[in-house]
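Residues per chain, in single letters:
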Amino acid sequence: MHGEPAVAVLRLGHRPGRDDRMTTHVGLTARALGADRAIFAGGSQAAETVRDITDRFGGPFEAEVTDSPKALLRDWDGRIVHLTMYGERVQDVEDEIRSSRDDDGEPLLIVVGAEKVSFDVYEAADWNVGVTNQPHSEVAGLAVFLDRIFEGRELDREWEDADQRVVPMATGKKVVDPEDE
């Protein structure tokens, strides 16, 4: 979010045929809930879909693909959070993570796995964090984590260069061209 250290989400792993929608939803959730970019580890059309949504509904937000997620983790110039149900409870470490962002201004990389994540990801992470220690959707875990880190500020974000804007309504659906407002 503007004025804060950058937040990137790395979608690590992708099972073709099974994770197409889930991988796309990781990227869309990252965008909608305050991250600055999503990085997809190889072989997915998710980056293109997220770019299309950003073009239509505004940004700024970047979606990119890497063929070297291990190198990205190794060379990351900042802190790393790995979301896993085996990690420390989010409510026990969220203040520490927020404080580290405020204190050192370093970018934060949030790793969201798909298939079984190798142990070197656990070792590369500054925090292995569980949003509940129960099986659940990685998209839900990312959403809860981002909301906790941003403390709800991401919900008031202003979107730039949007071609479409959803008008909040109690019932019905309305999408408008921002220039017509």
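The sections below set out a description of the structure shown in this document. No experiment lies behind these values; they were computed from the predicted model shown. (Residues numbered from 1 in each chain as written. Predicted model: local features only at pLDDT ≥ 70, side-chain atom pairs only at ≥ 80, totals over all residues. Heavy atoms only, no water.)

Here the focus is unusual backbone geometry. In this structure, the amide linkage connecting Gly59 to the following residue, Pro60, adopts the cis form with an omega of 5 degrees. Inspection of the secondary structure puts Pro60 in the loop between α2 (46-57) and β3 (62-66). Even without a glycine there, the phi angle at Thr132 is positive, about 70 degrees. Note that Thr132 resides in the loop between β6 (127-130) and α6 (138-150). For Thr132, a relative accessible area of 44% corresponds to the partly exposed category. Its identity is not glycine, yet Asp161 carries a phi of approximately 60 degrees, on the positive side. (Helix = DSSP H or I, 4+ residues; strand = E, 2+ residues; numbered from the N terminus. Buried < 20%, exposed > 50% of the residue type's maximum accessible area, 1.4 Å probe, protein only.)

This next bit is on the pattern of salt bridges. Per the stated rule, a full pass over the model turns up twelve salt bridges. In this structure, Arg148 engages Glu94 in a salt bridge whose closest nitrogen and oxygen atoms are separated by 2.5 Å. In this pair, Arg148 sits in helix α6 while Glu94 sits in helix α4 (residues 90-104), placing the two residues 54 residues apart along the sequence. With a relative accessible area of 32%, Arg148 lands in the partly exposed category. Judged by relative accessible area, which is 10%, Glu94 ranks as buried. The network of salt bridges with shared partners includes Glu94, Asp95, Arg98, Arg148, Glu151 and Arg153. (Salt bridge = Lys/Arg side-chain N within 4 Å of Asp/Glu carboxyl O.)

As a further point, take the sheet that holds strand β4 (residues 79-89). One open sheet holds the six strands; their spatial order is β3-β2-β1-β5-β4-β6, and the pairing between them is parallel. The open sheet is flanked by β3 and β6, the only strands paired with a single partner. Strand after strand, the sheet turns through a mean of 30 degrees between neighbouring axes, direction not considered. Where strand β1 (residues 7-12) meets strand β5 (residues 108-113), six bridges bridge the pair, whose relative direction is parallel. Counterpart to Val7 in the pairing with β5 is Leu108. The strands that helix α1 (residues 20-32) touches are β1, β2 (37-41) and β5; relative to β1, the one it contacts most, it runs at about 175 degrees. (Pairing = 2+ DSSP bridges. Axes fitted to C-alpha atoms, helices over the stretch in contact; angles between N-to-C directions. Contact = heavy atoms within 4.5 Å.)

In this fold, Asn128 is placed in strand β6. In this structure the side chain of Asn128 is engaged in a polar contact, spanning 3.0 Å, whose partner is the backbone oxygen of Tyr122. Apart from the residues within four sequence positions on either side, Asn128 is in contact with His82, Thr84, Gly87, Glu88 and Tyr122. (Polar contact = N/O pair within 3.5 Å; in protein donor to acceptor, adjacent residues only side chain to side chain.)

A separate point is the packing of α4 against α6. The geometry of α4 relative to α6 is characterised by a closest axis approach of 9 Å and an angle of 50 degrees between their N-to-C directions. With respect to α6, the element α4 is oriented oblique. For the pair α4 and α6, the sense of crossing is right-handed. Counting all contacts with α4, which are made through Val90, Gln91, Glu94, Ile97, Arg98 and Arg101, the residues of α6 involved are Phe145, Arg148, Ile149 and Phe150. For the contact of α4 with α6, a count of residues per class yields five nonpolar, one polar and four charged. (Parallel < 35°, antiparallel > 145°, perpendicular 65-115°, else oblique. Left-handed = near helix turned anticlockwise from the far one by under 90°. Nonpolar A, V, L, I, M, F, W, Y, C, P; charged D, E, K, R; others polar.)

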